[in-house]
Amino acid sequence: MIQQIYITDYLSDAAARPADMIQSLVEQCPVFLRAQWQVHSLSPLKSLWQRLGASGDATSAVLCARIPLPVAPPAFCLLPVHLGLRRDTFSLQSVVPLAADVYAVLTERLKKHFLEEFTLHEDPSQRYWWVVPVREINAQMQWPQDCLYQQAMQWQPQGPDASVIRQWTNEIQMLLHEVAYSPAVTNWPETLNSLWFASVGHIPAWPAMQLTVSGQGDIFSGLQASRLAAAQFIPMSTMFADQQMTAGIWVADQWQTIHWAEVSRALQTGRISALRVVIPFAERSIEISYKKQFRWQFWRKPYTLETLLQQLETTLAAAR
């Protein structure tokens, strides 16, 4: 049976609006109001990599494994982002989705401008690009999910060639300004003001473990492509019914793709005796832990949506 659900939110679409997500979850799965809710310092992705025994951040490598490129391995993933600018510093606020025509225009302009610096390859999702430099670039940049709302000093490029990344980023910001006012683009996203380089590492050497991993979305597809032996697609209903499955994980990119009503029924009918759900919460994550006996512990006063949100926000503010 499923014992853990990870909502990776790998492009941080939900991290900036956790209240909407939490409200929807408790409406579809009211039993969660009797669960334990805790804010954790790790992002959902880091929590997942830790559970799967990967050392470091495997995000870019796992995503890249989905699309075998007929070229040298990319060194970076390039993502459109919104930087919140202040007088003395700036911070990463979100990863910005692009319309198809905006993605196409940016792809053409970036290829032309950086022709002598790197080759650019499109991703089928049209949410980011893959960068293959013409020479080796020794620089490290983190995946955006781990840098949300942090001052820029904490996530600057590292390594001998960090200045190259900074130079490319400066040129890109000028290029974005030009394209934004180009007549070729009519629906430029107002929040887009920079592109983010994230390093692409090596696919982890996954350790052997008694675990079944299923799910849906890009991260799960990447886990299958990166030869994680535990990754095999099994429908969620089948995982609920398999009482012999002692360790089951469901991985999804977005919380909206989970059939939470089915999860709620499985908890209420006892098909699942315990469940741990990891969801995004700003630059951190929330762990929802529910056990069957919570249903009968009437002394446990259930949350209301308002008290739950207030407690989580207070905990997050204290952690910062």
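Every value quoted in this text rests on a predicted model; they were computed, and no experiment measured them.

Quick notes on the packing of aromatic side chains
So, step 1. Taken as a whole and assessed by the stated rule, the structure comprises 13 aromatic pairs.
So, step 2. On the numbers, 6.1 Å between centres and 70° between planes, the contact of Phe32 with Trp260 is edge-to-face. Within this pair, whereas Phe32 is found in the loop between helix 1 (18-28) and strand 2 (36-40), its partner Trp260 is found in helix 8 (residues 260-269), the two being separated by 228 residues in sequence.
So, step 3. On the basis of relative accessible area, Phe32 is assigned to the buried category, the value being 1%.

Considering unusual backbone geometry
So, step 1. Unusually for a residue other than glycine, Tyr149 sits at a positive phi of about 65°.
So, step 2. If you trace the backbone, Tyr149 turns up in the loop between strand 6 (129-133) and helix 5 (162-180).
So, step 3. Residues other than glycine seldom take positive phi values, yet Arg227 does so here, at roughly 65°.
So, step 4. For Arg227, a relative accessible area of 74% gives the class exposed.

Side note on the pairing of strand 8 (residues 212-216)
So, step 1. Where burial is concerned, most of strand 8 is hidden: four out of the five residues are buried.
So, step 2. For strand 8 and strand 9 (residues 248-252), the ladder comprises five bridges, and the chain directions are parallel. Directly across from Val213, in strand 9, lies its bridge partner Ile249.

Describing the sheet that holds strand 2
So, step 1. A sheet is described by the order of its strands in space; here six strands give the open sequence 2-11-10-1-9-8, paired in mixed fashion. A strand with exactly one partner marks an edge of an open sheet, and here the two such strands are strand 2 and strand 8. Strand-to-strand twist in this sheet, taken as the mean axis angle between neighbours without regard to direction, amounts to 20°.
So, step 2. With eight bridges joining them, strand 10 (residues 274-281) and strand 11 (residues 284-291) adopt antiparallel strand pairing.

Notes on the pattern of salt bridges
So, step 1. Enumeration over the complete set of coordinates arrives at six salt bridges.
So, step 2. In this structure, Asp13 engages Arg127 in a salt bridge whose closest nitrogen and oxygen atoms are separated by 3.2 Å. On the criterion of sequence distance, the pair formed by Asp13 in the loop between strand 1 (4-7) and helix 1 and Arg127 in the loop between strand 5 (118-122) and strand 6 is long-range, its members being 114 residues apart.
So, step 3. Given the relative accessible area of 23%, Asp13 is considered partly exposed.
So, step 4. Notably, a salt bridge pairs Arg66 with Asp123, separated by 3.5 Å at the nearest N-O pair. In this pair, Arg66 is assigned in the loop between helix 3 (59-64) and strand 3 (76-85) and Asp123 in the loop between strand 5 and strand 6, connecting sequence segments 57 residues apart.
So, step 5. On the basis of relative accessibility, which here comes to 18%, the residue Arg66 falls in the buried class.
So, step 6. Connected via shared salt-bridge partners are Arg66, Asp123 and Asp218.

Description of the side chain of Ser264
So, step 1. Position of Ser264 relative to the elements: it lies in helix 8.
So, step 2. A relative accessible area of 4% means that Ser264 is categorised as buried.
So, step 3. With sequence-adjacent residues up to four places away left out, Ser264 is seen in contact with Gln28, Cys29, Pro30 and Val31.

Quick notes on the packing of helix 4 (residues 100-113) against helix 5
So, step 1. Closest axis-to-axis distance for the helix 4/helix 5 pair is 11 Å, and the angle between their directions is 135°. With respect to each other, helix 4 and helix 5 are oriented oblique. Crossing angle aside, the handedness with which helix 4 passes helix 5 is right-handed. Only Glu171, Ile172, Leu175, Leu176, Glu178 and Val179 of helix 5 make contact with helix 4, whose side of the interface consists of Val105, Leu106, Arg109, Leu110 and His113.
So, step 2. Among the residues forming the contact of helix 4 with helix 5, the class breakdown is seven nonpolar, one polar and three charged.

Considering the nonpolar core
General note: in soluble globular proteins, nonpolar side chains tend to be found buried as a group.
So, step 1. Grouped together as the largest cluster of nonpolar side chains are 72 residues, with contacts concentrated most on Trp49, Leu79, Val213 and Leu223.
So, step 2. No other element matches helix 5, which puts seven residues into this core.
So, step 3. Contact partners of Trp49, with chain neighbours within four places excluded, come to Ala54, Gly56, Asp57, Ala58, Thr59, Val62, Trp206, Ile219 and Leu223.
So, step 4. In terms of nonpolar packing, the next biggest core, distinct from the first, is built from 41 residues, Leu25, Val263, Ile272 and Leu316 among them.

Parameters and conventions
- Residues numbered from 1 in each chain as written.
- Predicted model: local features only at pLDDT ≥ 70, side-chain atom pairs only at ≥ 80, totals over all residues.
- Heavy atoms only, no water.
- Phe/Tyr/Trp six-rings, centres within 6.5 Å; stacked < 30°, edge-to-face > 60°.
- Helix = DSSP H or I, 4+ residues; strand = E, 2+ residues; numbered from the N terminus.
- Buried < 20%, exposed > 50% of the residue type's maximum accessible area, 1.4 Å probe, protein only.
- Pairing = 2+ DSSP bridges.
- Axes fitted to C-alpha atoms, helices over the stretch in contact; angles between N-to-C directions.
- Salt bridge = Lys/Arg side-chain N within 4 Å of Asp/Glu carboxyl O.
- Contact = heavy atoms within 4.5 Å.
- Parallel < 35°, antiparallel > 145°, perpendicular 65-115°, else oblique.
- Left-handed = near helix turned anticlockwise from the far one by under 90°.
- Nonpolar A, V, L, I, M, F, W, Y, C, P; charged D, E, K, R; others polar.
- Core = buried A, V, L, I, M, F, W, Y, C linked by side-chain atoms within 4.5 Å.

These results come straight from atomic positions and should not be treated as a statement about function.
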